[in-house]
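A closer look at the structure
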Amino acid sequence: MNRNQLFDTLEQAPDIEVLIIGGGINGIGTFRELALQGVKVVLVEANDYCSGASATSSHMLHGGIRYLENGEFRLVREALHERNRLLKNAPHYAKPLPTTIPIFRWFSGFLNAPLKFLRLSEKPSERGAVIIKLGLMMYDLFARADRTMPTHSFHGRTRSLQNFPALSQDIVSTATYYDAYMPYPERLCLDLIRDAVANPNARALNYAKVTQGTKTEVQITDQLTGRSVLVRPKIVVNAAGPWIDFVNTAIGEPTRFIGGTKGSHIVVDNQALYDAAGGSEIFFENKDGRIVLIFPYMGKTMIGTTDIRIDNPDDAVCTPEEEAYILSLVKQVFPDIVVDPSQIVFRFSGVRPLPRSTSATTGTISRDHSIVTLPPGDKFAFPVYSLVGGKWTTFRAFSEQAADIALAGLGVTRKVDTKTLPIGGGKDFPTDEAARQRYLAHLQKTTELEASHLSILLDRYGTFAAQVAAYMSQGNDQPLASAPHYTRREVEFLALHEDIVHIDDFMLRRSLLAMLGHNSHAVVTEIGGILARVFDWTDTQLNHEVDIMQERLADKHGVVSSL
């Protein structure tokens with residue numbers, strides 16, 4: 001069903017059970033939960049799926065070891081269990097990650113940590129080996145019921161410098177433990193949507209904005225054509241993340257639930273830094289108390305992050321001051337490695353949808369999630385549930401909670417439990433080398449594509465690679481001249497099946513081209529040319545789309561496309 005047909009369907013049958021506003025990870029997760037129960041549910045996203053806060057994370061799946069100091073034991077326990085579930089349910093997009101903490105003191109923070117735990121202090125202080133050891137012991141304890149990775153280990157100074165020769169000579173030890181990361185978080189969102197819309201009662205629309213509400217109706221406007229339709233939901237779920245208060249205002253009930261903070265990251269092409277990390281995320285505390293990560297990512301290195309209060313999430317960009325701050329962090333742990341601004345290939349910044357707080361220190365604001373209810377009344381005939389807070393790692397648990405509230409309101413019994421349900425291309429994904437080779441051999445036999453490229457597709461799409469490869473094999477295909485690790489028919493397939501509207505949808509969210517620095521004018525125009533043929537753009541439309549992509553790269557990501 002194409003976009004116009006979806007709007008036709010809503011216009012002809014406006015009575016729906018649940019309207020979800022916001023296509024980030026929490027909205028999409030809730031959408032999948034409800035769709036699997038057979039609920040008539042519609043998801044609308046004002047921009048592209050997973051283009052807001054969910055696209056600007058550190059790509060981590062973690063329990064949040066630092067939350068222990070704030071006494072958020074429930075959150076850490078839940079996050080660790082959900083991390084382990086993702087490793088099992090989405091092994092194509094959730095990967096184990098060794099994480100190493102350089103430690104510069106033995107006993108630092110020993111007195112301040114209890115004060116922070118008791119909410120008697122918000123003052124940042126360096127965490128020494130004793131505090132880190134206690135935290136990691138608790139971390140391992142919380143994860144023991146469904147352990148999937150090794151427990152933590154400590155190494156003295158000599159062993160640490162053997163493992164990481166470029167580390168500062170000032171360290172006294174290192175601690176290594178395991179968390180997980182997501183190489184393709186935006187594609188995980190697409191898998192969840194694909195799971196949901198397999199149910200005929202589920203509809204998803206990107207570039208569709210909620211523009212106003214009445215007592216019984218909500219207006220949805222197509223951002224592409226200006227067409228509007230009115231739907232009559234029984235329940236509304238506001239999953240707009242940092243924009244929750246903006247959405248509630250648009251439908252007639254101003255709120256002040258969100259007090260977001262901005263987090264910025266940079267991606268650099270620096271081989272010395274990449275090698276120095278030794279395949280491990282380097283995770284440490286800056287002198288100002290801010291947690292820092294140096295993360296080897298797909299051949300590049302991601303460095304972040306900041307934590308700055310911000311009022312309007314649309315204003316979030318990585319500023320020159322933040323860039324300088326992030327670059328300065330490297331010297332603290334790798335003093336002899338120079339990272340030059342010219343090595344930055346991508347910058348990104350987003351707003352965490354945290355609850356409004358009067359805390360003097362942003363790092364102490366809870367990362368837990370909650371659901372705030374606007375009950376039916378004079379403004380609405382339906383309840384509005386606002387999903388406040390949340391983390392990528394806990395999206396399934398948060399979505400399950402939101403869905404169960406909606407199901408109770410509808411009088412519907414849950415049919416499907418998602419705790420052990422594979423996600424998208426994680427179904428039947430080969431998790432050992434022998435199984436991988438068998439899968440690739442079968443795929444090669446059915447498609448006759450080169451085994452090396454099929455291996456790339458398997459890493460990129462999980463077992464959904466079979467459908468991508470089948471399309472690629474059914475016509476004359478060739479690698480892109482500007483990005484040979486993609487092919488023309490691969491781009492065509494995604495354009496036809498993944499609700500792509502603009503060039504940046506492909507470059508920023510259906511692929512990692514932009515984030516990994518493949519941002520040249522040649523790449524933009526070649527991708528644009530393929531989309532133009534699929535969507536029948538005129539030359540004027542194509543040139544406009546190329547201009548939009550280059551402006552977005554410059555304005556939001558500090559990237560100027562080279563010729």
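Keep in mind it's a predicted model, so treat the numbers as computed, not measured.

**Points about the nonpolar core**
Ranked by internal contacts, the top residues of the largest apolar core, which has 100 residues, are Val18 and Phe346. For this core, the leading source of residues is helix H11 (residues 395-410), giving seven residues. If near-sequence neighbours (up to four positions away) are discounted, Phe346 is found in contact with His265, Ile266, Val267, Leu508, Ala514, Met515, Asn519, Leu553, His557 and Val559.

**Details of the pattern of salt bridges**
By the definition in use, this model includes 35 salt bridges. A salt bridge links Arg232 to Asp15; its shortest N-O distance comes to 2.9 Å. Placement of the pair is Arg232 in strand S10 (residues 228-238) and Asp15 in strand S1 (residues 15-21), with a sequence separation of 217 residues. Residue classification places Asp15 among the partly exposed positions, given a relative accessible area of 44%. A salt bridge links Arg194 to Glu498; the nearest nitrogen and oxygen atoms lie 2.7 Å apart. Taken together, the positions of Arg194 in helix H7 (residues 185-197) and Glu498 in the loop between helix H15 (488-497) and helix H16 (503-510) put the pair 304 residues apart, joining distant regions of the chain. Given the relative accessible area of 25%, Arg194 is considered partly exposed. With relative accessibility at 2%, the residue Glu498 sits in the buried group. Because the salt bridges share partners, they merge into one network encompassing Asp48, Arg187, Asp191, Arg194, Glu498, Asp504, Asp505, Arg509, Arg510 and Arg552.

**Quick word on the side chain of Arg436**
Within the secondary structure layout, Arg436 lies in helix H12 (residues 433-447). Within polar-contact distance, the side chain of Arg436 engages the side chain of Ser455 at 2.8 Å. Engagement of the side chain of Arg436 in a polar contact is seen with the side chain of Asp459, the distance being 3.0 Å. Leave out the neighbours within four places in its chain, and Arg436 touches Pro430, Ser455, Leu458 and Asp459.

**Considerations on the pairing of strand S12 (residues 281-285)**
Along S12, five of the five residues are buried, which leaves the element largely enclosed by surrounding structure. The side-chain alternation of S12 yields two buried faces, one formed by Glu281, Phe283 and Glu285 and the other by Ile282 and Phe284. Sheet analysis places strand S4 (residues 95-103) next to S12, joined by two bridges and oriented parallel. The residue of S12 that forms the bridge with Thr99 is Glu281. Relative to strand S13 (residues 291-297), S12 is paired through four bridges, and the arrangement is antiparallel. Note on S13: the bridge partner recorded for Glu285 is Ile291. In sequence, S12 turns back onto S13 through a hairpin of five residues, with Gly289 there showing a positive phi of about 90°.

**What to know about H7**
Each full turn of the α-helix corresponds to 3.6 residues, which orients residues three or four apart in the same direction. Given a rise of 1.5 Å per residue, 13 residues ought to cover 18 Å, and the 19 Å separating the end C-alpha atoms of H7 matches this to within 8%. A large share of H7 lies buried, amounting to 10 of its 13 residues. Those residues of H7 that fall on the buried side of the exposure criterion are Pro185, Glu186, Arg187, Leu188, Cys189, Leu190, Asp191, Leu192, Ile193 and Ala196.

**With respect to the confidence of the model for the chain**
Averaged over all residues, the pLDDT of the chain equals 93, while 96% of them reach at least 70. Here residues 113-121 scores under 50 on pLDDT; set against residues more than four positions off or in separate chains, the count is 16 contacts.

Cut-offs and rules
Residues numbered from 1 in each chain as written. Predicted model: local features only at pLDDT ≥ 70, side-chain atom pairs only at ≥ 80, totals over all residues. Heavy atoms only, no water. Core = buried A, V, L, I, M, F, W, Y, C linked by side-chain atoms within 4.5 Å. Buried < 20%, exposed > 50% of the residue type's maximum accessible area, 1.4 Å probe, protein only. Helix = DSSP H or I, 4+ residues; strand = E, 2+ residues; numbered from the N terminus. Contact = heavy atoms within 4.5 Å. Salt bridge = Lys/Arg side-chain N within 4 Å of Asp/Glu carboxyl O. Polar contact = N/O pair within 3.5 Å; in protein donor to acceptor, adjacent residues only side chain to side chain. Pairing = 2+ DSSP bridges. Expected span 1.5 Å × (residues − 1). pLDDT = per-residue confidence, 0-100.

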